[in-house]
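# Results of the structural survey
For reference, the chains in residue letters:
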Protein chains: 2
Amino acid sequence: MTSPPFRPRRVGILGGMGPAAAIDLQAKVLAATPAASDPEHLPIVVWNVPQVPDRVAAILGGGPSPAAAMVEGARALEAAGCEAFAMACNTAHHWAGEITASVRIPLIHIADAAIDELASRAVPSMSVGILATRGTLAAAFYGQRLARRGFRWLAPTQEEQARWVDVAIARVKAGDIAGARPCFEEAARALAGRGADVILLACTELPLAAEGADCPVPLLDASRALARAIVDFSLRR
Amino acid sequence: MTSPPFRPRRVGILGGMGPAAAIDLQAKVLAATPAASDPEHLPIVVWNVPQVPDRVAAILGGGPSPAAAMVEGARALEAAGCEAFAMACNTAHHWAGEITASVRIPLIHIADAAIDELASRAVPSMSVGILATRGTLAAAFYGQRLARRGFRWLAPTQEEQARWVDVAIARVKAGDIAGARPCFEEAARALAGRGADVILLACTELPLAAEGADCPVPLLDASRALARAIVDFSLRR
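Cut-off values and rules
- Residues numbered from 1 in each chain as written.
- Chains lettered and ligands numbered in written order.
- Predicted model: local features only at pLDDT ≥ 70, side-chain atom pairs only at ≥ 80, totals over all residues.
- Heavy atoms only, no water.
- Buried < 20%, exposed > 50% of the residue type's maximum accessible area, 1.4 Å probe, protein only.
- Helix = DSSP H or I, 4+ residues; strand = E, 2+ residues; numbered from the N terminus.
- Pairing = 2+ DSSP bridges.
- Axes fitted to C-alpha atoms, helices over the stretch in contact; angles between N-to-C directions.
- Contact = heavy atoms within 4.5 Å.
- Buried area = accessible area lost by both parts, 1.4 Å probe.
- Salt bridge = Lys/Arg side-chain N within 4 Å of Asp/Glu carboxyl O.
- Polar contact = N/O pair within 3.5 Å; in protein donor to acceptor, adjacent residues only side chain to side chain.
- Nonpolar A, V, L, I, M, F, W, Y, C, P; charged D, E, K, R; others polar.
- Least-squares fit on C-alpha atoms with pLDDT ≥ 70 in both.
- Core = buried A, V, L, I, M, F, W, Y, C linked by side-chain atoms within 4.5 Å.
- Left-handed = near helix turned anticlockwise from the far one by under 90°.

## Details of the pairing of strand β3 (residues 84-87) of chain B
For a regular strand, side chains alternate in direction, first toward one face of the sheet and then toward the other. Residues and elements named next belong to chain B. What you see with β3 is no split at all: Ala84 and Ala86 on one side and Phe85 and Met87 on the other are buried throughout. Bridging between strand β1 (residues 11-14) and β3 involves four bridges; their strand directions are parallel. Looking at the pairing, Val11 lines up with Ala84 of β3.

## Things to note about unusual backbone geometry
All names here are of chain A. Put simply, Met17 and Gly18 share a cis peptide bond, and its omega is -10 degrees. The residue Ala140 is not glycine, and still its phi comes out positive at about 70 degrees. Secondary-structure assignment places Ala140 in the loop between α6 (134-139) and α7 (141-148).

## Some details on the sheet that holds strand β1 (residues 11-14) of chain A
Read from one edge of the open sheet, six strands run β3(A)-β1(A)-β2(A)-β2(B)-β1(B)-β3(B), paired in mixed fashion. Both outer strands of the open sheet, β3 (84-87) of chain A together with β3 of chain B, are each paired with one neighbouring strand and no more. Mean inter-strand twist for the sheet, computed between neighbouring axes without regard to direction, equals 20 degrees. Where β1 of chain B lies against strand β2 (residues 44-48) of chain B, four bridges are found, and the strand directions are parallel. Residue pairing for β2 of chain B: Gly12 of chain B is matched across the bridge by Val45 of chain B. Of the strands in this sheet, β1, β2 and β3 of chain B touch helix α11 (residues 222-235) of chain B, which is tilted by about 175 degrees from β3 of chain B.

## Quick word on the interface of chain B and chain A
On the chain A side, the residues contacting the 31 residues of chain B number 31 residues. A buried area of about 2600 Å², summed over both sides, lies between chain B and chain A, and 56% of it is on carbon and sulfur atoms. Among the residues chain B hides against chain A, the three largest losses belong to Ile23, Asp38 and Gln51 of chain B. Together they make up 24% of the total. For Glu72 of chain A, the salt bridge goes to Arg10 of chain B, with nearest N and O atoms at 3.6 Å. At the boundary of chain B and chain A, one finds 12 residue pairs in polar contact (both at pLDDT 80 or more). Looking at the side of chain B that touches chain A, the elements with two or more residues in it are α1 (19-32) and β2 of chain B. Here the residues of the side of chain B that touches chain A are counted per class, giving 19 nonpolar, six polar and six charged. Of the strand pairs in this sheet, strand β2 (residues 44-48) of chain A and β2 of chain B are connected by five bridges, and their pairing is antiparallel.

## A word on the relation of the copies chain B and chain A
Each copy superposes on the other: chain B lies on chain A with an RMSD of 0.0 Å after a rotation of 180 degrees and an axial shift of 0.0 Å. Taken together, the rotation angle and the small translation identify this as a two-fold axis. Minimal C-alpha separation from the rotation axis in chain B is found for Val46 of chain B, amounting to 2.4 Å. When you check the interface residues of chain B against chain A, 100% turn up at the interface there too, and the contact is symmetric in its surfaces.

## Some details on the nonpolar core
The tendency in soluble globular proteins is for nonpolar side chains to be buried side by side. Core analysis: the biggest nonpolar cluster contains 132 residues, and Phe85, Tyr142 and Ile230 of chain A together with Phe85, Tyr142 and Ile230 of chain B have the highest contact counts within it. In this structure Tyr142 of chain B touches Asn90, Ile110, Ala111, Ala114, Ile115, Ile130, Thr136, Leu200, Ala202 and Ala222 of chain B, once residues within four positions along its chain are discounted.

## Examining the packing of helix α5 (residues 110-121) of chain A against α7 of chain A
In a pair of packed helices, the angle between the axes and the distance between the axes together describe the arrangement. All names here are of chain A. Where α5 contacts α7, the two axes come as close as 10 Å, and the packing angle between them is 35 degrees. Like other packed secondary-structure pairs, α5 and α7 cross with a definite hand, here right-handed. Seen from α5, the contacting residues are Ile110, Ala111, Asp112, Ala114, Ile115 and Leu118; seen from α7, they are Phe141, Tyr142, Arg145 and Leu146. Tallied by class, residues from the contact of α5 with α7 come to eight nonpolar, no polar and two charged.

This is how it looks when you write it as structure tokens:
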């Protein structure tokens, strides 16, 4: 008698917010997978449908809810046989409760993945600088989790957010990575200058702006942490 | 009265063969899309499930058919609301008839896309060097289409195929892009030396090996042509 061959679990990626971030997450999953041939890679299904109402506007009170569009995507991933799903957008996690209530498969939460990784390498008294959309900051799921795990944290001032972070994210979404980089650098320097020991990239567009950038403190890429968590889920025996 | 807002058509990508090629195709679709914000990008669903029997072995007579696994993916893309689908693998197109017979949505065929693009920029008397898997070459769908459109074409010798092309493709699949590049260069040089005026990259792994490579004649990337055809289909009014 031989045991049946090991089959990795199928995982869904709910993307479109924006589409480049969903492609970046897939590349990070691929890079994080110990595989030497096609069938050793993870079975992944991606819903990369960007016709979703603006998440930041919805959280800040100015726009329609994106929840229905995201629920449609999560249900499509479940119907395609995925055993869990992840969202390639931090801000989208504001609706995590509503979306997970509409499907039977679990969400691999990006903030849990990022903070687990932070906890594995940092001393809890470290101060974490969060770079994210206004929506993610207002939704507060990073701050709450960091505080619960004993981390101090800080975010950009309103002026820094408007001048640097919002612009960096918008430029990545428009495909202007080179233009996004200096904005990212200014924002990171400001947080480091106010005491951040590490910068948490808590927006899935920002790692694209941070690539090759000059930053005075280490970076923790929440997308990369999520990719590792996806691989762990899929390959867990 | 205002006309309803334009909505791009949803397109499915049948990937997994290998998974890096499906990510590369998505990045090419993104780059080929005229968009300045998230919702202007195409709605894409990706079945990137690499647990598919080996395509080349099946064509050359040595292995089980991958058709059932590919049909499962095509049906999942149709069920997810896609109005057409594309396959991020040239060799997989050997089963195009069987797969399209199992769904109601059309296939955007990579060889049609590549040869349309070749026809738009080359004079038909040009000689086209095809770099592809042994399976794609044996399946002959490129050669037949090229001959029908009045192009001359040539492929590597058996020795060149074994020493350079097969190795380049296998190295990309294993994540060794740097090791794949010199193999690609040798194969391209051999075809150019026997009269190829242009090299057709007719394997979705090869553009990754060709990036930054030294090649004596122009390249035509079938994946990039397919990405443009996907954008055209989605945005056609």
